[in-house]
Amino acid sequence: MSYWPLLGIAIVVVGFALRFNPLMVVVGAALATGVLAGFDLVAVIKALGKAFNDNRYITVTWIILPVIGLLERNGLQQRARAVIEGMRGATMGRLLVAYLALRQLTSALGMKDIGGHPQAVRPLVAPMAEAAAIKNHGDLSEEDRDKIKAMAAATDNVGLFFGEDIFFAIASILLIQGVFESAGYPMTPLQLSIWAIPTAICAFVIHGGRILAFDRRLGRARP
Amino acid sequence: MITYEWLYALAGAAFALWALLSVRERRWGNAGFWALLAASFLLGSHVSDLMNGLLVLAMVAIAGGGGLTRSDPPTTTPQERQLLSERLGNRLFLPALVVPLIAVAGTLLYNYTPFSETGLFEARRETLILFGVGVVAALMSAIAWLRPPLLAPAEEGRRLLDSIGWAAILPQMLAALGAVFALAGVGEIIGSLAGDIIPRGSVFLTVVVFALGMALFTVIMGNAFAAFPVMAAAIGIPLLVQQYGGNPAVIGAVGMLAGFCGTLLTPMAANFNIVPAALLALKDQHGVIRQQIGTALPLLVCNIVIIYVGAFLLWN
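Definitions and cut-offs
- Residues numbered from 1 in each chain as written.
- Chains lettered and ligands numbered in written order.
- Predicted model: local features only at pLDDT ≥ 70, side-chain atom pairs only at ≥ 80, totals over all residues.
- Helix = DSSP H or I, 4+ residues; strand = E, 2+ residues; numbered from the N terminus.
- Buried ≥ 20, exposed ≤ 12 C-beta atoms within 10 Å, placed from the backbone.
- Contact = placed C-beta atoms within 7 Å.
- Rg over C-alpha atoms; globule rule 2.2 N^0.38 Å.
- Domains from an automatic or database assignment.
- Axes fitted to C-alpha atoms, helices over the stretch in contact; angles between N-to-C directions.
- Parallel < 35°, antiparallel > 145°, perpendicular 65-115°, else oblique.
- Left-handed = near helix turned anticlockwise from the far one by under 90°.
- Nonpolar A, V, L, I, M, F, W, Y, C, P; charged D, E, K, R; others polar.
- UniProt positions renumbered as here; feature names shortened; annotations may be inferred.
- Core = buried A, V, L, I, M, F, W, Y, C linked by C-beta atoms within 7 Å.
- Expected span 1.5 Å × (residues − 1).

The subject of this paragraph is the overall build of chain B. When helices and strands are tallied, chain B shows 15 helices and 0 strands. Expressed as lengths along the three principal axes of its C-alpha atoms, the size of chain B is roughly 65 × 60 × 40 Å. Looking at chain B as a whole, 50% of its 316 residues qualify as buried. For chain B, the proportion of contacts with a sequence separation of at least 24, taken over those separated by at least 6, is 73%.

As structure tokens, then:
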């Protein structure tokens, strides 16, 4: 058995790590893998074309953009901010746990652009978390303030990553479907997305628990 | 019978409209890229595999040559948006909720009532087709409610699409890569190699290697999507599904989430980990990653347990 087709995997890894254009890396890896497996170049281009064509449903999800764009035009982001501002008055721990829940729930319903670092974390969540911590724990060192802001950003990431896959019409779920279907295991998007729920619950418990422990630790540091 | 072809006609029309709007602004790279994608949706089933392959190469050439730029179509000002959001309130979330509601409720209704006997939808395709129905319904109701200018929905969509750029087709391209891996027999090669390394029959150890591999490759590449076809072809499909008979849905879905744990740990995922540190003016460029380690590692352990229990103990 020839091991040369594995070079395609190495091309993906190195190409992404070196920040080449990902589309070029992926196509380069596909062509190299096929040729090294003994197919001629035209046959590999044909196989790639067929595989791309068979997986078009993954890209269909973007037809939702006019809906989201139209709502943004009419103040969707501003409304989301108002919801987050409504959490003012909570402790830092409760505020971030509530934001985690909000981010997971909206992502699970397909609204993954509610929240995000430039739109919500920097203008809103991070300053509110910092202010709440100072209110409860008194003046904080710059190091602690940075940790609070970093925790706000981390909370946004965790909420997005472990909420979005519950929504079935999202690229990652359809990519999983496509890869398994090509290998002879057809599945439906809902069959896959339902299995994102256990991890979403674990993520909420683990990260939520860490946020609350962090808040308590700040309190103990300055009685 | 309603098939994916209906959905592809809808998507093809949308991408064609976005291409035309790009022509109007003389953004030739964007226009060419979205026109090729529209052609793929509208004509892909009717042309040869070679034509489809050349179309892929042409799109990649435009993207790789830096031909796509962000666009800035006319829209409302932040002040107008603030006023509108105060007037419209939480009702703004409703049109977005219509989409999952129609898709999920429709799927359940279709599958658990005699409706499924009508054979209205292509088998296993009903959810995504109903997603398309939901999008059209949401768009119609939003237009009827908000009464935007005629081209506004298309222009707002283009603003978002151009901010995503070529990344819009990356998942589809990675799935195609997975198919080429399968064709070239990458899975068999690795399966034979791994058989020498992993003790034969140790399902749990193989699950651990699969999940750690997803996380590790994601850390190196900065992208769980890219790690997925690699690890699925290497371990997920040949070993966990074929040799050990695991549940493919759990292995696929939770395997991807193991990769997301890797995303939390890597500076390569700059948009999530490095850019926010800069936005928040943190002294430590890796401050966000540091706060994520304590969540990512235990969660990775959870994912390993979920795969082992869900795909093997509960399945067999």
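Turning our attention to the overall build of chain A. For chain A, the count of helices and strands is 11 helices and 0 strands. Counting from the amino terminus, chain A carries its helices and strands in the arrangement α-α-α-α-α-α-α-α-α-α-α. Radius of gyration (C-alpha) of chain A: 22 Å, far over the 17 Å computed for a compact globule of 223 residues. Seen along its three principal axes, the alpha-carbon backbone of chain A occupies a region of about 70 × 40 × 30 Å. Burial status across chain A gives 63% buried among its 223 residues. In chain A, 71% of the contacts between residues at least 6 apart in sequence involve partners at least 24 apart.

With that out of the way, let us pick up the domain arrangement of chain B. Interface size is commonly expressed as the accessible surface area that is lost when the partners come together. Along its sequence, chain B is carved into domain 1 (4–64), domain 2 (78–164) and domain 3 (185–313). Of note, the centres of domain 1 of chain B and domain 3 of chain B, computed from C-alpha atoms alone, are 33 Å apart.

Taken together, the contact between chain A and chain B spans 105 residues of the former and 124 residues of the latter. Sort the elements by how many residues they give to the side of chain A that touches chain B and helix α8 (residues 142–164) of chain A lands first, with 11 residues.

Relative orientation of the contacting elements helix α3 (residues 41–54) of chain A and helix α8 (residues 170–184) of chain B amounts to 130 degrees, with a least axis distance of 8 Å. One element, α3(A), and the other, α8(B), form an angle in the oblique class. Where α3(A) crosses over α8(B), the two elements pack in a sense that is right-handed. Residues A:A47, A:L48, A:A51 and A:F52 of α3(A) lie in contact with α8(B), whose contacting residues are B:Q172, B:M173, B:A176, B:A179, B:V180 and B:L183. Taken together, the residues of the contact of α3(A) with α8(B) sort by class into 9 nonpolar, 1 polar and no charged.

Take the UniProt feature "transmembrane region" (unreviewed entry) in chain A next. Residues and elements named next belong to chain A. Annotation from UniProt places "transmembrane region" (unreviewed entry) at residues 158–180 and 192–213. In residues 158–180, the share of helix is 74% and the share of strand is 0%. The end C-alpha atoms are 26 Å apart. Within residues 192–213, the helical portion is 86% and the strand portion 0%, while the C-alpha atoms at the span's ends are 33 Å from each other.

A word on the domain arrangement of chain A. On domain assignment, one finds that chain A holds domain 1 (1–54) and domain 2 (61–171 + 192–221). The C-alpha centroid of domain 2 of chain A is placed 38 Å from the C-alpha centroid of domain 1 of chain A.

Bringing the nonpolar core into the picture now. A:A129, B:V180 and B:F228 are the most contacted members of the largest nonpolar core, which totals 191 residues. The dominant element in this core, judged by the number of residues it contributes, is helix α11 (residues 224–243) of chain B, at 15 residues. Excluding anything up to four places from it in sequence, B:F228 contacts A:L175, A:I176, A:V179, B:L174, B:M256 and B:G259.

In an α-helix, one turn spans 3.6 residues, which is why side chains three or four residues apart end up on the same side. Between the first and last C-alpha of helix α9 (residues 171–182) of chain A there are 16 Å, a value that for 12 residues agrees with the 16 Å anticipated at 1.5 Å per step. Of all 12 residues in α9(A), 11 are buried; the element is thus mostly enclosed. When α9(A) is considered as a whole, its buried residues turn out to be A:A171, A:S172, A:I173, A:L174, A:L175, A:I176, A:Q177, A:G178, A:V179, A:F180 and A:S182. Buried positions along α9(A) lie against α3 and α10 (189–193) of chain A together with α8, α11 and α12 (248–263) of chain B. Downstream of α9(A) by a residue or two, A:G184 has a phi angle that is positive, lying close to 95 degrees.

Okay, unusual backbone geometry next. All names here are of chain B. Even without glycine at this site, R26 takes up a positive phi of about 60 degrees. Position of R26 relative to the elements: it lies in the loop between α1 (4–24) and α2 (28–43). Of note, the phi angle at R147 is positive, near 45 degrees, even though the residue is not glycine. A count of 8 C-beta atoms within 10 Å places R147 in the exposed class.

Moving on, we come to the environment of B:M231. Note on placement: B:M231 falls in helix α11. Once residues within four sequence positions are removed from consideration, B:M231 is found in contact with B:F210, B:G213, B:M214, B:F217, B:G236 and B:G255.

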